[in-house]
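Report on the structure
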Amino acid sequence: MTKDRRLDDIEIPIEPANLRFLRRLVTVLTVIMIGGVVTVVSLLVIRLNEAPASLTLPDRVTLPDGATATAFTVGSDWFGVVTEDDEILIYDQVTGTLRQTIVLE
């Protein structure tokens, strides 16, 4: 005759301490990774929804009448200003005088 085994009679094996530690470690690391991803995504959303900073030009730059600067860059002995009218104004870095005007098409 076979012995009738019920679920109550089945012994549950004891979990080794190393396995228990590893399971907890993986769980903690998973929570930390999820928190990190949520933080990075939320910071990106916050940064990308901010209004762009206003462009401040050096005091010695005098733009032509009606021109509004949209970009500014500095070279070795020059600096350039891009205007809303799709013009690039190249100024001398030492004297601040207008060297060249480039019209973008």
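Structure shown above.
So, here is what we can say about the structure in this document. Only a predicted model underlies this, so the values are computations on that prediction, with no experimental measurement involved.

Conventions and cut-offs
Residues numbered from 1 in each chain as written. Predicted model: local features only at pLDDT ≥ 70, side-chain atom pairs only at ≥ 80, totals over all residues. Heavy atoms only, no water. Patch = residues over 30% accessible without salt bridge, like charges linked within 9 Å, V, L, I, M, F, W, Y side chains within 5 Å. Areas by Shrake-Rupley, 256 points an atom, 1.4 Å probe, with all protein chains shown as cover. Salt bridge = Lys/Arg side-chain N within 4 Å of Asp/Glu carboxyl O. Helix = DSSP H or I, 4+ residues; strand = E, 2+ residues; numbered from the N terminus. Buried < 20%, exposed > 50% of the residue type's maximum accessible area, 1.4 Å probe, protein only. Pairing = 2+ DSSP bridges. Axes fitted to C-alpha atoms, helices over the stretch in contact; angles between N-to-C directions. Phe/Tyr/Trp six-rings, centres within 6.5 Å; stacked < 30°, edge-to-face > 60°.

With that out of the way, let us pick up a nonpolar patch on the surface. Residues Leu 19, Phe 21, Leu 22, Leu 25, Val 26, Val 28, Leu 29 and Ile 32 make up a contiguous nonpolar surface patch of roughly 750 Å² in combined accessible area. With respect to the helices and strands, Val 28 occurs in helix α1 (residues 17-48). The exposure class of Val 28 is partly exposed, given its relative accessible area of 46%.

The antiparallel open sheet is built from 4 strands, whose spatial order is β1-β2-β3-β4. Both outer strands of the open sheet, β1 (69-74) and β4 (98-103), are each paired with one neighbouring strand and no more. This sheet shows a mean twist of 20 degrees between the axes of neighbouring strands, independent of strand direction.

A few words now on the packing of aromatic side chains. Applying the stated criterion across every chain, the model contains 2 aromatic pairs. For the pair Phe 72 and Phe 79, a centre-to-centre distance of 5.6 Å together with 45 degrees between the ring planes defines the contact as tilted. According to the relative accessible area criterion, Phe 79 is buried, its value standing at 1%. A ring pair is formed by Phe 79 and Tyr 91, whose centres lie 5.4 Å apart and whose planes are at 15 degrees; its orientation type is stacked. Pair noted here: Phe 79 is in strand β2 (residues 78-83) and Tyr 91 is in strand β3 (residues 87-92), with a separation of 12 residues, a long-range link. One exposure class covers both Phe 79 and Tyr 91, and it is buried. Clustering of aromatic rings is evident, with ring pairs tying together Phe 72, Phe 79 and Tyr 91.

As paired elements, β2 and β3 share 5 bridges and run antiparallel to each other. Pairing of Val 82 across the sheet is with Ile 88, part of β3. The antiparallel pairing of β2 with β3 creates a hairpin that spans 3 residues between the two strands, and Asp 86 there sits at a positive phi of about 60 degrees. Of the pairings in the sheet, the one linking β3 to β4 comprises 5 bridges and is antiparallel in character. Within β4, the position partnered with Leu 89 by the bridge is Thr 101. Adjacent in sequence and paired antiparallel, β3 and β4 are bridged by 5 residues, among which Gly 96 carries a positive phi angle near 80 degrees.

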